[in-house]
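Chain by chain, the residues:
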Amino acid sequence: MNGWISLHRKLLNSNIFNNEKLLKVFIYCLLKASHSDYEQIIGLQKVGVLPGQFVFGRKKAALELNMKESTVWKYMKLLEQVRSLELNSNNKFTLVTVVNWGEYQNSNELGDNKGTTEEQQSNTYNNYNNLNNKEEEEAPLEKILELLQKSEIVPPNKVNHFLRDDLSDVIDNFGFEQPEVVIEEAIKISARGNGRTWLFVYNKLDEWRKSGVKTVEDLEHLNTTKKKQRKADSYDYESLAKELEDE
């Protein structure tokens, strides 16, 4: 990749600059962002990439940045929260957009991101100021992958970046307060029945998300409600059958 990028001195006074790994990831995104329109083929899909965008792969980024995949993703999400990036993910890839890329590179002005104040950035940064201390902890994603393999739902040779992206989507975006615990419940249901596939687990988790499940207690309440409904439905069926016999 040839060419150059611009950096404004205002970056010195930003919260991004105060965290060396966050700065490294941010500059990595600036360097990876395209300077012109192009199309990229991913699998059987054609993806249009605009200036200031690039297709992000967690495994490749981890290798290029010499960081753990989970660590890279946490910093990417932090940059999204301070509105320096926009992340549009599906189960195959993430399209990253550097916010105000044109202003950075065309006018050499690293202005404040639209709709973002220094106070907002500071508050978000403070929420993540212990990130370095947590990097060495085992990520929930790795624990879940291990459980999926132990349950024989996902063979070791099927653990790929698509599965990791799906898991990260569940952990980061489904709103579960203890995602690893809720996901474990879905895995147990899958392992007990005929749906011993990741798709079954994912669909079950999506069903719970749509039902408003946030905690294990919410899940227990949902299951109790369903049992009562099934019992009521069964009772109605038996009553109707008896009525038909009496006629």
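Colleague: How would you summarise the overall build of the protein if you had to cite specific residues and measurements?
Modeller: A tally of regular secondary structure across the protein gives 11 helices and 5 strands. Partitioning the contacts of the protein with sequence separation of at least 6, the portion at a separation of at least 24 is 57%. By element, 48% of the accessible surface of the protein is carried by carbon and sulfur atoms, the whole surface being about 15,400 Å².

Colleague: Lay out the sheet that holds strand β3 (residues 53-56) with the relevant residues and their values.
Modeller: Read across the sheet, 3 strands follow the order β3-β5-β4 without closing on themselves; strand pairing throughout is antiparallel. Each having just a single partner strand, β3 and β4 (85-89) make up the two edges of the open sheet. Each neighbouring strand pair of the sheet contributes to a mean axis angle of 25°, computed without reference to strand direction. Where β3 meets strand β5 (residues 94-98), 4 bridges bridge the pair, whose relative direction is antiparallel. Residue pairing in the sheet places Phe54 in a bridge with Val96 of β5. Against the sheet, helix α1 (residues 20-32) contacts β3, β4 and β5, and its axis sits at roughly 110° relative to β3.

Colleague: Explain the nonpolar core residue by residue, including any values.
Modeller: Core analysis: the biggest nonpolar cluster contains 28 residues, and Val25, Phe56, Val72, Met76 and Leu85 have the highest contact counts within it. Looking at this core, the elements that each hand over two or more residues are α1, β3, α2 (58-65), α3 (69-81), β4 and β5. Residues Phe174, Val201, Leu205 and Leu219 belong to the second largest nonpolar core, which totals 24 residues.

Colleague: Describe unusual backbone geometry, and please don't skip the residues or the numbers.
Modeller: Of note, Asn66 is a non-glycine position whose phi angle comes to about 60°, a positive value. By the element assignment, Asn66 lies in the loop between α2 and α3. Residue Asn66 is classed as exposed on the basis of its relative accessible area, which comes to 69%.

Colleague: For the pairing of β5, give the residues involved together with the corresponding values.
Modeller: Counting buried positions along β5 gives 5 out of 5 residues, so the element sits mostly inside the fold. Neither face of β5 is left uncovered, since the one carrying Thr94, Val96 and Val98 and the one carrying Leu95 and Thr97 both have all their residues buried. As judged from the 5 bridges shared by β4 and β5, these two strands associate in the antiparallel manner. Residue pairing across strands places Ser89 opposite Thr94, the latter belonging to β5. Connecting β4 to the antiparallel partner β5 that follows it, the hairpin turn spans 4 residues.

Colleague: With reference to specific residues and values, describe the side chain of Asp166.
Modeller: Tracing the backbone through its elements, the reader meets Asp166 in helix α8 (residues 161-173). Excluding its chain neighbours within four sequence positions, the residues that come into contact with Asp166 are Asn91, Trp198 and Tyr202.

Colleague: Let's hear about the pattern of salt bridges: which residues, and what values?
Modeller: Under the criterion given, the structure shown has 11 salt bridges. A salt bridge links Glu207 to Lys204, with the nearest nitrogen and oxygen atoms 3.7 Å apart. You can see Glu207 and its partner Lys204 sitting in helix α10 (residues 198-210), 3 residues apart, about one turn around the helix. Judged by relative accessible area, which is 31%, Glu207 ranks as partly exposed.

Colleague: Report on the confidence of the model for the protein, specifying residues and quantitative values.
Modeller: Per-residue confidence for the protein gives a mean pLDDT of 77, with 76% of residues at or over 70. Below pLDDT 50 for its whole length, residues 107-125 participates in 42 contacts with residues either more than four positions away or in separate chains. Low pLDDT, under 50, characterises residues 130-138; the stretch is placed with 13 contacts to residues that sit more than four places away or in other chains.

Colleague: Would you mind going over the packing of helix α9 (residues 179-192) against α10 in detail, with residue names and values included?
Modeller: Close contact between α9 and α10 brings their axes to 9 Å; oriented N to C, the two are set at 130°. As far as their axial angle goes, α10 and α9 are oblique. Considering the relative orientation of α9 and α10, their crossing is right-handed. In this structure, α9 contributes Val182, Ile183, Glu185, Ala186, Ile187, Ile189 and Ser190 to the contact, and α10 contributes Phe200, Val201, Lys204, Leu205 and Trp208. Grouping the amino acids of the contact of α9 with α10 by side-chain chemistry returns 9 nonpolar, 1 polar and 2 charged.

Conventions used here
Residues numbered from 1 in each chain as written. Predicted model: local features only at pLDDT ≥ 70, side-chain atom pairs only at ≥ 80, totals over all residues. Heavy atoms only, no water. Helix = DSSP H or I, 4+ residues; strand = E, 2+ residues; numbered from the N terminus. Contact = heavy atoms within 4.5 Å. Areas by Shrake-Rupley, 256 points an atom, 1.4 Å probe, with all protein chains shown as cover. Pairing = 2+ DSSP bridges. Axes fitted to C-alpha atoms, helices over the stretch in contact; angles between N-to-C directions. Core = buried A, V, L, I, M, F, W, Y, C linked by side-chain atoms within 4.5 Å. Buried < 20%, exposed > 50% of the residue type's maximum accessible area, 1.4 Å probe, protein only. Salt bridge = Lys/Arg side-chain N within 4 Å of Asp/Glu carboxyl O. pLDDT = per-residue confidence, 0-100. Parallel < 35°, antiparallel > 145°, perpendicular 65-115°, else oblique. Left-handed = near helix turned anticlockwise from the far one by under 90°. Nonpolar A, V, L, I, M, F, W, Y, C, P; charged D, E, K, R; others polar.

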